[in-house]
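Chain by chain, the residues run as shown.
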Amino acid sequence: MKMEKQQSFLPQAIISQINKTELMACNDYTKKYGLLLTEEETMQILERRKTSLQSYGRIEIGGGMLDKLIKEFCDSPYLNSQNYASTIAELTELFYYFKNEALDKLSDEELLKIMHMYFDGPCGGSLELLGQSALEQMTRHVRYGEAEYTKLEERGELYMGDDLNEY
Amino acid sequence: MNTSLTKASRMDRSRILSHNYTQTYIEEAARVGLLTPLDVTNLQLSLVKLLERQIQRYTRFESSSVKVETAEGLMRSILYALDVRLKQLKGEIEEGVTLLKEKTLETLFIEGFNLINEKFNKCKTYFQKVKETRLKVDNYAYNDTMEYAFTEFFGFYEAEFSYQSPMPDIDYPLCIDDMQEENTDYIYMYLKKLYHENLFCNSFPVAEIQTLLDSSHPHQSEMLINIFEYVLINAIGRQLANKDLKHLELSEGDCQSLQMQFETQLDIQMLVEEAVNEIIKSLHVVGFLKHYMLEALPPIVKRIKANVENDTLNQIFIPFKLGTKVEKVHFTDGESLEDERFKKMIEAVCSSQLVVEKLMIFKENVHSLKDTIDFLEAECLFGKEYRALYKSLSLPEISLLLKYTSISDEQSFKTHLQEVQNDKSLLKPWEMELVYFLANKEAAQRAQLWLVVQNINV
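No experiment lies behind these values; they were computed from the predicted model shown.

Undergrad: Even after reading the chapter, I still don't get the overall build of chain A, so can you show me in this structure?
TA: Helix and strand counts for chain A come out as seven helices and one strand. When its helices and strands are written in sequence order, chain A yields α-α-α-β-α-α-α-α. Each of the 167 residues in chain A was classed as buried or not, and the buried ones make up 44%. In chain A, once contacts between residues fewer than 6 apart in sequence are set aside, the share between residues at least 24 apart is 66%. Carbon and sulfur atoms form 47% of the exposed surface of chain A, whose accessible area is close to 8800 Å².

Undergrad: Sorry if this is basic, but what is going on with helix H4 (residues 95–102) of chain B here?
TA: An α-helical turn contains 3.6 residues, so a residue and the one three or four places further along point in the same direction. Residue and element names in this part refer to chain B. Gly96, Val97, Leu99 and Leu100 are the residues of H4 that are buried. Taken around the axis of H4, the buried residues stretch over an arc of 160°, which confines them to a single face. Every exposed residue of H4 that faces more than 90 degrees away from the buried side is listed here: Lys101 and Glu102. Where H4 is buried, its residues touch helix H1 (21–31), helix H2 (37–58), helix H3 (68–87) and helix H5 (105–132).

Undergrad: Just checking my understanding: could you explain the state of the cysteines for this structure?
TA: Across all of its chains, the model carries zero disulfides over all chains by this definition. The thiol of Cys26(A) is unpaired, and the distance to the nearest cysteine sulfur, on Cys74(A), comes to 8.9 Å.

Undergrad: For this particular structure, what's the right way to read unusual backbone geometry?
TA: For residues other than glycine, phi is negative in most cases, and the peptide bonds are mostly trans. Look at Leu103(A): it is not a glycine, yet its phi comes out positive at around 55°. Accessibility expressed as a relative area gives 48% for Leu103(A), which makes it partly exposed. Phi is positive for Asp423(B), close to 60°, though the residue is something other than glycine. Note on placement: Asp423(B) falls in the loop between helix H20 (410–421) and helix H21 (429–439). Classification of Asp423(B) by relative accessible area gives exposed; the value is 72%.

Undergrad: Is there a simple way to think about the pattern of salt bridges in this case?
TA: Side chains carrying opposite charge are able to pair once their charged atoms draw close together. The full count for this structure, using the stated rule, is 28 salt bridges over all chains. The closest approach of N and O atoms between Glu60(A) and Arg49(A), which form a salt bridge, is 2.7 Å. Residue Glu60(A) is found in strand E1 (residues 58–60), and its partner Arg49(A) is found in helix H3 (residues 39–55); the two are separated by eleven residues along the sequence. For the pair formed by Glu60(A) and Arg49(A), the shared burial category is buried. The shortest N-O distance in the salt bridge between Lys113(A) and Glu72(A) comes to 3.6 Å. Of the two residues, Lys113(A) sits in helix H6 (residues 108–120) while Glu72(A) sits in helix H4 (residues 66–73), which places them 41 residues apart along the sequence. Judged by its relative accessible area of 43%, Lys113(A) is partly exposed. The class for Glu72(A) is buried, based on a relative accessible area of 18%. Taken together, the salt bridges that share partners define one network made up of Asp12(B), Arg15(B), Glu28(B) and Arg31(B).

The rules behind each value
Residues numbered from 1 in each chain as written. Chains lettered and ligands numbered in written order. Predicted model: local features only at pLDDT ≥ 70, side-chain atom pairs only at ≥ 80, totals over all residues. Heavy atoms only, no water. Helix = DSSP H or I, 4+ residues; strand = E, 2+ residues; numbered from the N terminus. Buried < 20%, exposed > 50% of the residue type's maximum accessible area, 1.4 Å probe, protein only. Contact = heavy atoms within 4.5 Å. Areas by Shrake-Rupley, 256 points an atom, 1.4 Å probe, with all protein chains shown as cover. Arc of directions from axis to C-beta. Disulfide = S-S within 2.5 Å. Salt bridge = Lys/Arg side-chain N within 4 Å of Asp/Glu carboxyl O.

Below, the structure is given as structure tokens:
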């Protein structure tokens, strides 16, 4: 059967679909920390993932990194049943933003570990400090090719001052 | 009588584009029904799977996401490998459809990038030959291309990620440049042609090639010209002037004789072609180079005809001008002050009220062009103080300052002078004062200055 209209061969958009069942399966792992996602919260996180990928001009393949992010952060002392879903959603957006800021020089695992380290450490559970101070400084070091970008706090080079606009 | 019937191709070759071969091939096959909508969908799904595979391999399985630009580049690399594989088929156009149905896209992709790898290795071979036949001439684009353009390409190219890999930064133009090719196909063709151009030029003394180039334009060394074309044209001129092909020299008299010869000739194209065929025979040129020389003729013939009409043949056949080469001077800067010392010097100048004192501080401390420019830009002088400073500098020193401005000849100087006088200048204060300083010089003195400016490299 002849095609009446010339059809473009190239696929127009590729964003891998993660279904909510896959994400909610993480509850099996996180329930021991008292953290569970409802169906509605799962949909909100997936929507945040989708808009973040589009905003920051990224595409994700396969299963994505959401399950890795959840498993990395679920033992954080700053997560509780009230803030769990919103924190995960915010961390998702920060993750994709800082993958760009680090010029894709950090692997998923490395960036998640650094985010967790700063979040539980000098940021004291503050997403604002994490996003606007700690990670900005760290990724600046990555961009300039400096080797020990995970040791800023040890070297006393991590500024977590009140004036977040300084950077 | 040939009784075999050739099956008419259902696919229209003109709809299949060289640069988007796979994509347009599949679209055309679908248009004529050789691929069903289901076939096309399956191919699309295979392409997406292949892209996912390549993203994983490109990120070494360390990232689940990449920037859209990266994914687009990876898609281009995949399609380029598929293009190379499909273009390899030399039979009926429909053979590609059979291939797409019998083999997976992943298999075709791997076969394609193996072919790209082979082409890359051939590029290396030709580059070695190009280096061995390199002409020792003073032309920046030629030498820069030889020495630096291919370094990153040969160091870091990966066939699997052909569009993420560095491409050569080529400045030097070929006589015939085919932009239809892409990636390694283009580079292979470029190097092959460059090698053969070098081969032809090596038939003549390199000193004469240099004289030919210098006679063509005083600034030829900075121009994007094709050396082979100049050599070929003068060789044609010598052949038509019944001179031997051991040299390239032509005189103004030769150009005038050629003018008369062309004016009396009905078919200039035939005359030139005969000359080239004689050159080919005399220099024992065969194969690729022979075809290349003949392919180069049409635009050359067109230019000859135009110059015959205008009686300007000496603009295409270049008469030698001996002794016209102006040697370029290469400037090496002196040692600059440390930041702290420089800062203290500026403070001292700013706090001084006397021009003499300011100039003394300048002379004692500033010994490099860099510091001189920084000093002028620090704006610690005012009005005529600049001119006092310029008066204390030598002609070469003034010419070095001018290299940092947009004032390089009499024309640009006059333009800037007018703008400064009409208060419409965008020049910095020190540059404006320099214009005033130059305005007080005789035109002959300025002419000397422009000559130095144009022949000094900083």
